[in-house]
Amino acid sequence: LRDGMQLIAIVLGAPDSKSRFGAASGLLDYGFANYSMTTAVSENESFEELPVIKGEYRTVPILSQRASRLLLKKGTAKDTERKFILPESVTAPITRGEPAGTLEIYQDGVLRDSVPLVYGKSIEKKRFFAFFREIVSKWISCDVTASRIQ
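So, a few notes on the structure that sits alongside this text. Counting of residues starts from 1 at the beginning of each chain's written sequence and follows it residue by residue. Side-chain atom pairs in this predicted model are given and counted only at pLDDT of 80 or more, local residue features only at pLDDT of at least 70, and totals for whole chains, interfaces and linings cover all residues. Side-chain numbers here rest on the full set of heavy atoms in the structure, without hydrogens or water.

## So, the sheet that holds strand S6 (residues 90-91)
Okay, so step 1: With respect to topology, six strands assemble into an open sheet ordered S5-S7-S8-S3-S2-S6, the strand pairing being mixed. The two strands at the open ends of the sheet, each matched to only one other strand, are strand S5 (80-85) and S6.
Okay, so step 2: Note: strand S7 (residues 99-107) against strand S8 (residues 110-119), eight bridges, orientation antiparallel. Note that in S8 the partner of Tyr106 across the bridge is Leu111. Here, strands pair whenever DSSP counts at least two bridges between them. Secondary structure is summarised from DSSP: a helix means a run of H or I of at least four residues, a strand means a run of E of at least two, and numbering begins at the N terminus for each.

## Here we look at the pairing of strand S2 (residues 46-53)
Okay, so step 1: Of the strand pairs in this sheet, S2 and strand S3 (residues 59-64) are connected by four bridges, and their pairing is antiparallel. Residue pairing across strands places Glu49 opposite Pro61, the latter belonging to S3.
Okay, so step 2: Linking S2 to S3, which pair antiparallel, is a turn of five residues; within it Lys54 sits at a positive phi near 60 degrees.
Okay, so step 3: The sheet contact formed by S2 and S6 spans two bridges and is parallel. Bridging across to S6, Ile53 finds its partner in Thr91.

## A look at the pattern of salt bridges
Pairing is possible between side chains that carry opposite charge, provided their charged atoms lie close to one another.
Okay, so step 1: Just to be clear on terms, a salt bridge is a Lys or Arg side-chain nitrogen sitting within 4 Å of an Asp or Glu carboxyl oxygen. The full count for this structure, using the stated rule, is three salt bridges.
Okay, so step 2: The residue Asp29 makes a salt bridge to Arg2 at a minimum N-O spacing of 3.5 Å. Here Asp29 is found in helix H1 (residues 17-34), whereas its partner Arg2 is found in the segment before H1, with 27 residues between them in sequence.
Okay, so step 3: When accessible area is computed with a 1.4 Å probe and restricted to protein chains, residues below 20% of their type maximum are described as buried, those above 50% as exposed, and intermediate ones as partly exposed. Residue Asp29 is classed as partly exposed on the basis of its relative accessible area, which comes to 39%.
Okay, so step 4: Owing to a relative accessible area of 43%, Arg2 belongs among the partly exposed residues under this scheme.
Okay, so step 5: Ionic pairing is found between Arg66 and Asp113, a salt bridge with its closest N-O pair at 2.8 Å. Of the two residues, Arg66 is situated in the loop between S3 and strand S4 (68-73) and Asp113 in strand S8; the sequence distance between them amounts to 47 residues.

Note that every value here comes from positions in space, so none of it alone points to a role or purpose.
The following block contains the structure:
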């Protein structure tokens, strides 16, 4: 175990334990020297917010449901790409922890992991009175703005 990465080497057909140990040691040294574990996404990592339709709040945060760690050849971490698969907006009510979409992680065009995304906040459906208050507020602010222009 080095730097959070654990490797296992199995050598078959070695004539004796000394040569088997030497071959296994060489394989492990090669693995630790050339590869590393990289955290592509942390658990509960926050991403963009989605617009909410008919909700008490205008947006809802999106979080990763779990972490994603990838075994990568050293120096290739910059070659990973993220692709978010999310709706353009969501309609209230929304429950915290409910599935929101998926984050796909690619390296060199190959899908390496798919991380579930969830809503980070519960949002209730906006009640009639809140809609009414918002309409009146907009109407008053437009009326005030119009009177300033004249």
